[in-house]
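Notes for the structure review
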Amino acid sequence: MPISYTHKTIFIHIPKTAGCSLSECLDIPSSGIVSLRGEIQESDKRKYHVKGDWWHHLPVVKVKDILPRDVFEQYFKFTFVRNPWDRVVSLFFFTRRLPLSETCSLDFETWVKYYCQRENVYSQSDLITDGAGNFLVEFIGRYENLNHDWMRVSQRLSLPSKRLPHYNQTKRMHYSNYYDEHTKQLVGERFQEDIDRFGYSFARQHKYFHFHAKKAGKPQKYRQHHPPNHEESFKQGLFIVCMILKNKIDFLAEALQQGQVHLFSFATFVREQQISGFLYPALKSNSLVDNLPAYLVSLVQANYFNEWIMNEMLMKEIRALHQHFQAAGKDVIYMKGPFFVERFYGNIDRRKIRDIDIFARKEDVDGIHQILVQQGYGRRSKVLLGKERMLKHTHHFEYWKDNLPLDLHWAFCNKAGFALDYEKIWDARKVYTHRGKEYFVLADEYKLVLRIISIFKDIEVGNLTLKSCLDMYMLLRALGQGLDWGRFWVAREAEGLSAVSVNILDLVLSVFDCRQECPELERALQSQRHLIKCQDLSSQINLFKHSQWAIQQKQWAFGLYPQGQVKAIFDWGKSLPFRLAMHQE
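Residues numbered from 1 in each chain as written. Predicted model: local features only at pLDDT ≥ 70, side-chain atom pairs only at ≥ 80, totals over all residues. Heavy atoms only, no water.

Focus on helix H8 (residues 146-157)
Counted at 1.5 Å a residue, the expected span for H8 with its twelve residues is 16 Å, and the 16 Å between its end C-alpha atoms agrees. Burial within H8 is extensive, with nine of its twelve residues counted as buried. Leu146, Asn147, Asp149, Trp150, Met151, Arg152, Val153, Ser154 and Leu157 are the residues of H8 that are buried. Backbone geometry just downstream of H8 places Ser158 in the positive-phi region, at approximately 60 degrees. (Helix = DSSP H or I, 4+ residues; strand = E, 2+ residues; numbered from the N terminus. Expected span 1.5 Å × (residues − 1). Buried < 20%, exposed > 50% of the residue type's maximum accessible area, 1.4 Å probe, protein only.)

Topic: the packing of helix H21 (residues 466-479) against helix H23 (residues 498-511)
Between two packed helices, what matters for the description is the angle formed by their axes and the separation of those axes. Viewed as axis vectors pointing N to C, H21 and H23 meet at an angle of 90 degrees, and their least axial separation amounts to 10 Å. With respect to each other, H21 and H23 are oriented roughly perpendicular. Facing Leu466, Cys469, Met472, Tyr473 and Leu476 of H21, the residues of H23 in contact are Ile504, Leu505, Leu507, Val508, Leu509 and Val511. Each residue belonging to the contact of H21 with H23 can be placed in one class, and the counts come to eleven nonpolar, no polar and no charged. (Axes fitted to C-alpha atoms, helices over the stretch in contact; angles between N-to-C directions. Parallel < 35°, antiparallel > 145°, perpendicular 65-115°, else oblique. Contact = heavy atoms within 4.5 Å. Nonpolar A, V, L, I, M, F, W, Y, C, P; charged D, E, K, R; others polar.)

Here's the deal with the sheet that holds strand S1 (residues 3-4)
A sheet is described by the order of its strands in space; here four strands give the open sequence S1-S2-S3-S4, paired in mixed fashion. Across the chains shown, the open sheet's two edge strands, defined by having one partner strand only, are S1 and strand S4 (139-142). Where strand S3 (residues 76-81) and S4 come together, four bridges link them in parallel fashion. Looking at S4, one finds that Val81 is bridged to Arg142. Seen against the sheet, H8 touches strand S2 (9-12), S3 and S4 and runs at an angle of roughly 180 degrees to S3. (Pairing = 2+ DSSP bridges.)

So, the environment of Leu106
Relative to the elements of secondary structure, Leu106 occurs in the loop between helix H5 (84-96) and helix H6 (108-116). Residue Leu106 is classed as partly exposed on the basis of its relative accessible area of 23%. Sequence separation between Leu106 and Phe92 is 14 residues; the distance between their C-alpha atoms is 9.2 Å. With sequence-adjacent residues up to four places away left out, Leu106 is seen in contact with Phe92, Arg96 and Trp111.

Some thoughts on the packing of aromatic side chains
Considering all chains together, one arrives at 43 aromatic pairs under this definition. Between the aromatic rings of Trp111 and Tyr115, the centroid separation amounts to 4.9 Å while the plane-to-plane angle is 10 degrees, which identifies the pairing as stacked. Of this pair, Trp111 and Tyr115 are both found in helix H6, four residues apart, which corresponds to roughly one turn of the helix. You can call Trp111 buried: its relative accessible area is 2%. Tyr115 gets classed as buried once you look at its relative accessible area, which sits at 10%. These aromatic residues form a ring-pair network of at least three members: Trp85, Phe92, Phe93, Phe108, Trp111, Tyr115, Tyr175, Tyr178, Tyr179, Phe191 and Phe202. Sitting above the plane of the Tyr143 ring, Arg82 keeps its charged end 3.8 Å from the centroid. (Phe/Tyr/Trp six-rings, centres within 6.5 Å; stacked < 30°, edge-to-face > 60°. Lys NZ or Arg CZ within 6 Å of the ring centre and 35° of its normal.)

Side note on the pattern of salt bridges
Summed over the entire model, instances satisfying the criterion amount to 27 salt bridges. In this structure, Arg354 and Asp355 form a salt bridge, with 2.6 Å as the shortest nitrogen-oxygen distance. By relative accessible area, which is 52% here, Arg354 ends up exposed. Looking at Asp355, the relative accessible area reads 6%, which means it is buried. Three or more residues are tied together by salt bridges with common partners; here these are Glu445, Arg487, Arg492 and Glu495. (Salt bridge = Lys/Arg side-chain N within 4 Å of Asp/Glu carboxyl O.)

Notes on a negative patch on the surface
A surface patch of negative charge is lined by Glu363, Asp421, Glu423 and Asp427. Classification of Asp427 by relative accessible area gives exposed; the value is 62%. (Patch = residues over 30% accessible without salt bridge, like charges linked within 9 Å, V, L, I, M, F, W, Y side chains within 5 Å. Areas by Shrake-Rupley, 256 points an atom, 1.4 Å probe, with all protein chains shown as cover. Lys, Arg positive; Asp, Glu negative; His and termini not counted. Charge placed at Lys NZ, Arg CZ, Asp CG, Glu CD.)

Brief notes about the pairing of strand S11 (residues 437-441)
Sheet analysis places strand S5 (residues 333-334) next to S11, joined by two bridges and oriented parallel. For Tyr334, the partnering residue across the bridge sits in S11 and is Val441. Where strand S10 (residues 430-434) hands over to S11, the hairpin turn is made up of two residues, of which Arg435 adopts a positive phi near 50 degrees.

Observations concerning the pairing of strand S8 (residues 396-401)
Within S8, five of the six residues are buried, which leaves the element mostly enclosed by the surrounding structure. As paired strands, strand S7 (residues 378-379) and S8 are joined by two bridges and run antiparallel to one another. Opposite Arg379, over in S8, you have Tyr399 as the bridge partner. Bridge count between S8 and strand S9 (residues 404-409): six bridges; the pairing is antiparallel. Within S9, the residue paired with His396 across the bridge is His409. Hairpin geometry of S8 and S9 is characterised by an intervening segment of two residues between the two adjacent antiparallel strands and by a positive phi of about 45 degrees at Asp402.

Quick notes on the confidence of the model for the protein
With 84% of its residues at a pLDDT of at least 70, the protein reaches an overall mean of 82. Looking across the protein, the model is least confident in helix H2 (residues 42-48), with a mean pLDDT of 50, and most confident in S5, with 98. Segment residues 28-40: pLDDT under 50, and 42 contacts once partners within four positions in sequence are set aside and those in other chains are kept. (pLDDT = per-residue confidence, 0-100.)

And the structure:
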């Protein structure tokens, strides 16, 4: 059980979850700390794998008993978990490297049978919860996203950012290659609690998520035993979001109480659609958390708190950068981020902010670049065949500083056929006051145009999330009744964005079932319905499917370019090397 008095942190070391690497970065012995209460009992040594005076892999409840109360309560406690099937394979190969072990000569199938029937084999959940199933750690990271989650811990402890070393590494195949149906079932049954709590499944690649949890109950059984498919899962998650947006809280509470929602799929939906910031405060303020199991509330709450922390870090960086831009006489427009979230969501904790997006005139790009470099930013984007070609074929450069991403834009989108008047956009900019300081932001009309283009590009690359559409809904709810939609269509026609705008706006109205809330927009769309490509909700939901190549989504998008599908494909291929360089470190 490594503890760092310097950093005031306690690391609950679950075996085979990169504990040695983590301990190394904390500058503490990988084996643990010397006993604080003398020799522990022999029975506890065997139970908790303790050798001599050194503490190995102690459960958090034992750590709580050993340490002074003020140390345990005040220190930051964290751990890392791992897919049980992968972890068991790692344990197997580790034991084979121990020549004195009685199981070192067993084959994998025999070893799994032996291991799973042992009484002193504990789940990962057992090591980080108390007897009532409540989590006693503040942060749970994932081995599958080790360096990404370690960055979060580093930020929390104010440690220098660095990649973790990899100790005790074994070269082997993907864990699924070692299992047959029987051994797969044995591990699944033995570690069912870990699988349920942390959302693991066999032979599946998991996207990053971690959580910040104080309390969590045992998973409960649900009427729906098999998870729904993509469309069903999306509709269930969307149902909850729409009920909250329409303030139908009693109806939603009844649905949750009756088990009409598959909760594991809902947790995945919230994470993948990046809406924890919106959802958790809404659930909390309406007491809907009482209708959800505690462990699920912890998952959503955790994502919410981590998103909020990141948002505040980005806002702090924006304030610092803004002073340098002003000192150099460089005007920038802050395109999205905290100002947008604060105005249209009510507070900057209500939506995940991925990065800092600043908009500059083309002639100022070099000067802004120099300021960013002076402030410690490095440009991740490559400059292919000269800066002028990059400026022509792409719309931004990506920068990075201490885990803080920033995009420097000079265009909304450099797609052939789109013709936005950027001088007009600059002339229409507005001043937004945040915490006593003034910043330039986009005019409301161009906020809407930017969201339309952003959703369109996300669909084109197979990366659309509900978060982007929720942005559009919030915009329409705030601005929709005050816009001259006739003039809006004329302006978009001149920009080559008419078909794109019609389809994206219709998509948002359909997904959130809010046509009655936006009657003027709905009437304006009726005259443009011949441009709409997806006429039913099922087809529109398919646009949210994440795909590496996104063939169907690209076909849909290419059909909306003003120059036609064939020319759009040609232009897309011509600009592809530059766009790849833009996203390349």
